[in-house]
Amino acid sequence: MRSGERYAERMGLPPAGWLAVIVVAVLAGALSNFGDMRWWRVSASVALMVAVVAGAWWLGRLRVSVAVSGGEVWLHVDDAKLPMSAVAEVQVLEPVAYSDALGVAQHPLAFAVQRPWIDRGLRIVLDDPADPTPYWIVASRRPERLKAALTAARESVEA
């Protein structure tokens, strides 16, 4: 964790996901040249394999963290930042509730960050009249720990 952080998590692919990505990359590379081993087709196949692996890495680079800065607790989700002073409630969403929250019942102005390989998360209800966003939905492998870190950091700053 970085300085001032109370919690940090990266939404990377699990090992089974990486195995699937590598299998898809190899199949795509092998099928893209149809056995013709000319240098430009082989290089195109290698470039395709690298692109598939780089795309999977890019999807998993997203980071969620709780940090204390300037006497205030902040939730960082990739580039988005949320001060905890604007939060009314934090709810842990188990798989079914998480799926429902991301479905058709979701508010059109809600901020959602999810990855298909993560099936749980948090709903963070906002209490900021200047912000039209009613809540954030953030995927997390350990939503209970994320909620506990938010709560603990908020209480330590208020004390």
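Residues numbered from 1 in each chain as written. Predicted model: local features only at pLDDT ≥ 70, side-chain atom pairs only at ≥ 80, totals over all residues. Heavy atoms only, no water.

Caption draft 1: Focus on the packing of aromatic side chains. For the structure on display, the rule yields two aromatic pairs. Ring centres of Trp-39 and Trp-40 lie 6.0 Å apart, and the angle between their planes is 90°; this geometry places the pair in the edge-to-face category. Looking at Trp-40, the relative accessible area reads 43%, which means it is partly exposed. Both rings, one in Phe-111 and one in Trp-136, keep their centres 4.4 Å apart while their planes meet at 45°; by these two values the pair is tilted. Within this pair, whereas Phe-111 is found in strand 6 (residues 111-113), its partner Trp-136 is found in strand 8 (residues 135-139), the two being separated by 25 residues in sequence. Just above the ring of Tyr-135 sits the side chain of Arg-123; from NZ or CZ to the centre is 5.4 Å. (Phe/Tyr/Trp six-rings, centres within 6.5 Å; stacked < 30°, edge-to-face > 60°. Buried < 20%, exposed > 50% of the residue type's maximum accessible area, 1.4 Å probe, protein only. Helix = DSSP H or I, 4+ residues; strand = E, 2+ residues; numbered from the N terminus. Lys NZ or Arg CZ within 6 Å of the ring centre and 35° of its normal.)

Caption draft 2: Up close: the pattern of salt bridges. The tally for this structure, following the rule as stated, stands at four salt bridges. Its salt-bridge partner being Glu-5, residue Arg-63 comes within 2.9 Å of it at the nearest N-O pair. Residue Arg-63 is located in strand 2 (residues 63-69), and its partner Glu-5 is located in strand 1 (residues 5-10); the two are separated by 58 residues in the primary sequence. In this structure, Arg-63 and Glu-5 share a single accessibility class: buried. (Salt bridge = Lys/Arg side-chain N within 4 Å of Asp/Glu carboxyl O.)

Caption draft 3: The arrangement of the pairing of strand 4 (residues 80-83) in detail. With four bridges connecting them, strand 3 (residues 72-77) and strand 4 associate as antiparallel partners. Opposite Leu-75, over in strand 4, you have Leu-82 as the bridge partner. The turn joining strand 3 and strand 4, which pair antiparallel and follow one another in sequence, is formed by two residues; a positive phi near 55° is taken by Asp-78. (Pairing = 2+ DSSP bridges.)

Caption draft 4: Up close: unusual backbone geometry. Within the chain, Asp-78 stands out as a residue other than glycine whose phi angle is a positive 55°. The topology assignment puts Asp-78 in the loop between strand 3 and strand 4.

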